[in-house]
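Coordinate inspection notes
These are the residues of each chain, in order.
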Amino acid sequence: MLGISKRFGPVAANADVDLTVGQGTVHGIVGENGAGKSTLMSVLYGFYTSDSGSIKVFGKDALIRNAHEAIALGIGMVHQHFMLVETLTALENVMLGAEPHVLLHKAEALVRHRLTELMESTGLKVSLDTLVGDLSVGDRQRLEILKALYRGAKILILDEPTAVLTPQETEQLFGVLALLREQGTTILLITHKLKEVMRLCDHVTVMRAGRVVAEVAIADATIEGLAEAMVGRKVQMGRV
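All values derive from a computational prediction rather than experimental measurement. (Residues numbered from 1 in each chain as written. Predicted model: local features only at pLDDT ≥ 70, side-chain atom pairs only at ≥ 80, totals over all residues. Heavy atoms only, no water.)

Notes on the overall build of the protein
- For the protein, the helix and strand inventory stands at 8 helices and 10 strands.
- Over its C-alpha atoms the protein spans a radius of gyration of 18 Å, differing by no more than 12% from the 18 Å that the globule rule assigns to 240 residues.
- Dimensions of the protein along its principal axes, counting C-alpha atoms only, are 60 × 40 × 30 Å.
- Taking all 240 residues of the protein together, 46% fall into the buried category.
- A fraction of 63% describes how many contacts in the protein between residues 6 or more apart in sequence connect residues 24 or more apart. (Helix = DSSP H or I, 4+ residues; strand = E, 2+ residues; numbered from the N terminus. Rg over C-alpha atoms; globule rule 2.2 N^0.38 Å. Buried < 20%, exposed > 50% of the residue type's maximum accessible area, 1.4 Å probe, protein only. Contact = heavy atoms within 4.5 Å.)

Spelled out as structure tokens, the structure:
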């Protein structure tokens, strides 16, 4: 992403932001609330259109005006608030808008087969015939990731993924993300939890007030340094 700017009225949510992410890596996007990290990722996913700047995906110029165009380029996003229909089953949620066959029973069989393959290869286990309204929060998140992978995501954006998870579910998610990285998926992790960034990520970009203020390899990063970059001053580490 090169020179991305996005304003909402007088507020510059993103101001001339550059972001380069290596294929098959986990890249953290960190910052305080209002830093612009979710806006930047929403531009990448086509939820917002930037006022200026350009995007390249896998080295090719990309025009992303909506989520459909993002998905076609292999970009998927799991929002902090899940985009699922609670009155449909897990399987029906994946099929919705992406039916592979005009005949419903054939479409269901094809989707079930593909999801079963994905669950076996990623460890993302979900009961496909359970109503989403009856699934745990962790299961719903796993379903969102499965839905993105089913639709061909090679780049996966996760917005504050551990905010709604139990410690056990968080550990399960970390295992899944490590496996997806091994399989070549590029993961963009929006978060403010610096310990998770240090544990999971290969690189991290720090945003403050709509701008990139630091970009560093995790091998060269410290929690103290990242926290100071986030807020622009020394931080008492007991609060991080």
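Let's talk about the side chain of threonine 186
- Counting through the fold element by element, threonine 186 comes out in strand E8 (residues 186–191).
- We classify threonine 186 as buried; its relative accessible area is 4%.
- A polar side-chain atom of threonine 186 sits 2.8 Å from the main-chain amide nitrogen of glycine 24.
- Residues contacting threonine 186, with those up to four places away along its chain left out, are Val21, Gly22, Gln23, Gly24, Thr25, Lys154, Ile155 and Leu156. (Polar contact = N/O pair within 3.5 Å; in protein donor to acceptor, adjacent residues only side chain to side chain.)

Describing the sheet that holds strand E7 (residues 155–159)
- Within the open sheet, the 6 strands sit side by side as E6-E7-E8-E3-E9-E10. Their pairing is mixed. Each edge of the open sheet is held by one strand with a lone partner, namely strand E6 (75–78) and strand E10 (211–217). Taking the axes of each pair of neighbouring strands and ignoring which way they run, one obtains an average angle of 20° across the sheet.
- Where strand E3 (residues 26–30) lies against strand E9 (residues 203–208), 4 bridges are found, and the strand directions are parallel. In the strand pairing of E9, valine 30 is matched with valine 206.
- Against the sheet, helix H1 (residues 37–44) engages E3, E6, E7, E8 and E9, with an angle of about 150° to E8. (Pairing = 2+ DSSP bridges. Axes fitted to C-alpha atoms, helices over the stretch in contact; angles between N-to-C directions.)

Let's talk about the nonpolar core
- In this structure, Leu115, Leu143, Ile145, Leu158 and Leu180 are the most contacted members of the largest nonpolar core, which totals 47 residues.
- Per element, the largest residue contribution to this core is 6 residues, and it comes from helix H5 (residues 137–150).
- With near-sequence residues (within four places) excluded, isoleucine 145 lies in contact with Val78, Leu124, Leu156, Leu158, Leu173 and Leu180.
- If you look at the next biggest cluster of nonpolar residues, it comprises 23 residues, including Ile4, Ile29, Val57 and Leu188. (Core = buried A, V, L, I, M, F, W, Y, C linked by side-chain atoms within 4.5 Å.)

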